[in-house]
Amino acid sequence: MKSAFKEKLKESLSSILPIAVIVVILAVVAGVDTYSFLLFLTGCVLLILGLSGFNMGADMSMVVLGEKVGSVLTHSRKVWLIALVSFIIGVIVTVAEPDLQILAGYVSGAINNWLLIITVAVGVGIFLMIAMLRIVFRIRLSLLLIIFYVIAFLIAYFFVDSSFWAIAFDAGGVTTGPMTVPFIMSLGVGVASIRSDKEGKDDSFGLVALASTGPVIAVLVLGIITGASNIEYVFSESVATSGTLQDVCIDYLWGFADYAKEVGIAVAPIVVFFILFQIITSSFHKRQIIKVVLGIVITFVGLVLFLAGANVGFAPMGTLIGEYLGGIIDGWLLIPVGMVVGYFVVAAEPAVHVLNKQVERVSAGAIKASSMKIALSISVCCALGLAMLRVITGISIMYILIPGYALALILTFFSPKLFTGIAFDSGGVASGAMVSAFVIPMAIGACTTINGSGAAAAIMTDAFGCVAFVALMPLITIQIFGIIYKHKTAKIKRTFLTVEDRILTYEVD
């Protein structure tokens, strides 16, 4: 276990240090106060330790449990049971998803926290049920994605106020975070593992993709029911810019308490589900039970440390840097800075590590985790460049989302099925805790400076939407990566056959 933690620690250092160095440089240039700087540096240490613990704990518990549940459910051959359990799992792992809690906190002045959380959880539950049944009945993923995204855009454009659009599409990204992704992805692998056909591996991806679509439609429907219009952002207390080392410790102690409660609420239903599952099926032997329980404890501790570091240390720094950048050359410096931050921030997302390893394992090493990491980094780099352009110009989010999703869905006809599933899963995975905790505050801070007295309304339409763009760009990038991979593989195969034909011809002669 010690060697495993050292390996995870090394991975976390390589993930966190680049973004930490960039933020330190920006903080020095912006002249950020010592107190905020201390909060940030402490947050960096906690992020590294938390990410290490989370990754190790998820491997020991969430991944193992998810695969076992998926396998047992499919072996039962009872469609109603698969549907029911999938819905329940979708709801319980989403209700207190930390990323969702962060987003709900930002919009709590405009929309009731629990109303938004329950709406999103039901959306995930319904669409996870659809995703599981898709694997069982072997329905093409791209067909479902086209249908549901067309429905989402039609509802948004014709029935929902524009101030609600960004929140709805952001909701789709934040639901698939560090608690949800390991469980859902391994669930798909478990279900697909018992299929004997060659396409079972391809269909093991796509659960996160559909689980990310459900909240978008659910929140848009909420907008219709509530008749929400002209929503304005409600500013919280201003970020503290002075204090002592003792105050830093006190802030983090409060953070540990808050996030221990949140993560505890998130983990508790999973623990209950694990106990009931074991009582009913007896799938795990004693040693496996101990390993899973220990893994859940390590996951809990790691996630508490990670979220405290991200929210207490990174979020205030994001706001201060955003306010500073928003005042330089009318905010245009935000675009290159946002792109650089985007390239490195995705590597610090806990769920991204889970996805990359799952992809490498399922593809038997054909798709390397390192290649996935580079592709996702390029995707989020472009996404945050577009997001910051919106903060500056105030252009409608639909001018980017509609052509972006149209291109992504067209690519599904040319990209290999495996890459389509991975791409749409990547969209939900990349938009996690770090984007919510650092990038959104930076966009809010910049929007406040740029718009002045009109910031309350502008933030809802211009600052929110960052998560939606981060969820969009991997759909395009990974599928293009898949098309290139398909072309290269075909070229190698043709070359091999040509050489083989020449050898046979030579032997005949």
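All values reported here derive from a predicted model rather than from experimental measurement.

A.B. asks: Could you give an account of the overall build of the protein, naming the residues involved and the relevant values?
C.D. replies: Helix and strand counts for the protein stand at 21 helices and zero strands. For the protein, buried positions account for 57% of its 509 residues. Pairs at least 24 residues apart make up 88% of the contacts formed inside the protein by residues separated by at least 6 positions. Element-wise, carbon and sulfur atoms account for 69% of the exposed surface of the protein, whose accessible area totals about 20200 Å².

A.B. asks: Outline the nonpolar core, supporting the account with residue identities and numerical values.
C.D. replies: Formed by 173 residues in total, the largest nonpolar core has its most connected members in Ile89, Leu401 and Phe464. Residue contributions to this core peak at 14 residues, all from helix α13 (residues 286–326). Not counting the four nearest positions on each side in its chain, Phe464 is found in contact with Leu103, Tyr106, Val107, Ala166, Asp170, Tyr233, Arg390, Ile440, Ile444 and Ile459.

A.B. asks: Before we move on, could you go through the packing of aromatic side chains and cite the residues and values that matter?
C.D. replies: Taken as a whole, this structure holds 16 aromatic pairs when the rule is applied. Cluster of aromatic residues (ring-pair linked, three or more members): Tyr149, Phe153, Phe169, Tyr405 and Phe424. The ring of Phe284 carries the charged tip of Lys68 above its face, separated from the ring centre by 5.8 Å.

A.B. asks: I'd like a description of a nonpolar patch on the surface, backed by residues and values.
C.D. replies: Taken together, the side chains of Val150, Leu154, Tyr157, Phe158, Phe159, Ile224 and Ile402 define a hydrophobic patch exposed on the protein surface, amounting to about 730 Å² of accessible area. Considering every element that reaches the nonpolar patch, the biggest residue donor is helix α7 (residues 141–159), with five residues. Along the chain, the position of Val150 falls in helix α7. On the accessibility criterion, Val150 (41% relative accessible area) is partly exposed.

A.B. asks: I'd like a rundown of the packing of helix α4 (residues 79–94) against helix α12 (residues 245–281), residues and numbers included.
C.D. replies: As a packed pair, α4 and α12 sit with axes 8 Å apart at the nearest point and diverge in direction by 150 degrees. One way to sum up the angle between α4 and α12 is to call them roughly antiparallel. Across the interface between the two elements, Val85, Ile89, Ile92 and Val93 from α4 touch Ala266, Pro269, Ile270 and Phe273 from α12. A class-by-class count of the residues in the contact of α4 with α12 yields eight nonpolar, no polar and no charged.

A.B. asks: Hey, could you go over the side chain of Ser415 for me, with residue numbers and the actual values?
C.D. replies: Turning to its location among the elements, Ser415 is positioned in the loop between α17 (398–411) and α18 (417–430). Within polar-contact distance, the side chain of Ser415 engages the backbone oxygen of Gln479 at 3.4 Å. Apart from the residues within four sequence positions on either side, Ser415 is in contact with Thr420, Gln479, Gly482 and Ile483.

A.B. asks: Account for the confidence of the model for the protein, with residues named and values stated.
C.D. replies: Per-residue confidence for the protein averages 82 on the pLDDT scale, and 88% of its residues sit at or above 70. The secondary structure element of the protein with the lowest average pLDDT is helix α10 (residues 200–203), at 60, and the one with the highest is α17, at 94.

A.B. asks: Which residues make up the packing of helix α11 (residues 207–226) against α18, and what are the values?
C.D. replies: Contact geometry for α11 and α18: axes closest at 7 Å, N-to-C directions at 55 degrees. One way to sum up the angle between α11 and α18 is to call them oblique. As α11 runs across α18, the sense of the crossing is left-handed. Across the interface between the two elements, Leu207, Val208, Ala209 and Ser212 of α11 pack against Phe424, Asp425, Gly428 and Val429 of α18. The residue makeup of the contact of α11 with α18, split by class, is five nonpolar, two polar and one charged.

A.B. asks: Provide a residue-level description of the state of the cysteines, including the pertinent values.
C.D. replies: Per the counting criterion, the structure on display carries zero disulfides. Free of any disulfide, Cys382 has its nearest neighbouring cysteine sulfur in Cys381, separated by 5.1 Å. Residue classification places Cys382 among the partly exposed positions, given a relative accessible area of 32%.

A.B. asks: Before we move on, can you summarise helix α8 (residues 165–174) with the specific residues and values?
C.D. replies: The buried fraction of α8 is high, at ten of ten residues. Listing the buried residues of α8 in full gives Trp165, Ala166, Ile167, Ala168, Phe169, Asp170, Ala171, Gly172, Gly173 and Val174.

A.B. asks: Please give an account of the environment of Ile395 that cites residues and values.
C.D. replies: By the secondary structure assignment, Ile395 is in the loop between α16 (369–393) and α17. A relative accessible area of 30% places Ile395 in the partly exposed class. Each C-alpha atom, one on Ile395 and one on Asp462, is 7.6 Å from the other, the two residues being 67 residues apart in sequence. Not counting residues within four places of it along the chain, the set of residues in contact with Ile395 comprises Arg390 and Ile400.

A.B. asks: Describe the environment of Leu376, naming the residues involved and giving the relevant values.
C.D. replies: With respect to the helices and strands, Leu376 occurs in helix α16. Sequence separation between Leu376 and Ala430 is 54 residues; the distance between their C-alpha atoms is 7.3 Å. Among residues more than four places away in sequence, those in contact with Leu376 are Val346, Val352, Leu355, Asn356, Ser426, Pro474 and Ile478.

A.B. asks: Can you break down helix α14 (residues 334–345) residue by residue, with the values?
C.D. replies: Spanning twelve residues, α14 covers 15 Å between terminal C-alpha atoms, matching the ideal 16 Å at 1.5 Å per step. Taken as a whole, α14 has its buried residues at Leu334, Ile335, Val337, Gly338, Val341, Gly342 and Val345. With its buried residues spanning 160 degrees around the axis, α14 presents them on a single face.

About the criteria used
- Residues numbered from 1 in each chain as written.
- Predicted model: local features only at pLDDT ≥ 70, side-chain atom pairs only at ≥ 80, totals over all residues.
- Heavy atoms only, no water.
- Helix = DSSP H or I, 4+ residues; strand = E, 2+ residues; numbered from the N terminus.
- Buried < 20%, exposed > 50% of the residue type's maximum accessible area, 1.4 Å probe, protein only.
- Contact = heavy atoms within 4.5 Å.
- Areas by Shrake-Rupley, 256 points an atom, 1.4 Å probe, with all protein chains shown as cover.
- Core = buried A, V, L, I, M, F, W, Y, C linked by side-chain atoms within 4.5 Å.
- Phe/Tyr/Trp six-rings, centres within 6.5 Å; stacked < 30°, edge-to-face > 60°.
- Lys NZ or Arg CZ within 6 Å of the ring centre and 35° of its normal.
- Patch = residues over 30% accessible without salt bridge, like charges linked within 9 Å, V, L, I, M, F, W, Y side chains within 5 Å.
- Salt bridge = Lys/Arg side-chain N within 4 Å of Asp/Glu carboxyl O.
- Axes fitted to C-alpha atoms, helices over the stretch in contact; angles between N-to-C directions.
- Parallel < 35°, antiparallel > 145°, perpendicular 65-115°, else oblique.
- Nonpolar A, V, L, I, M, F, W, Y, C, P; charged D, E, K, R; others polar.
- Polar contact = N/O pair within 3.5 Å; in protein donor to acceptor, adjacent residues only side chain to side chain.
- pLDDT = per-residue confidence, 0-100.
- Left-handed = near helix turned anticlockwise from the far one by under 90°.
- Disulfide = S-S within 2.5 Å.
- Expected span 1.5 Å × (residues − 1).
- Arc of directions from axis to C-beta.

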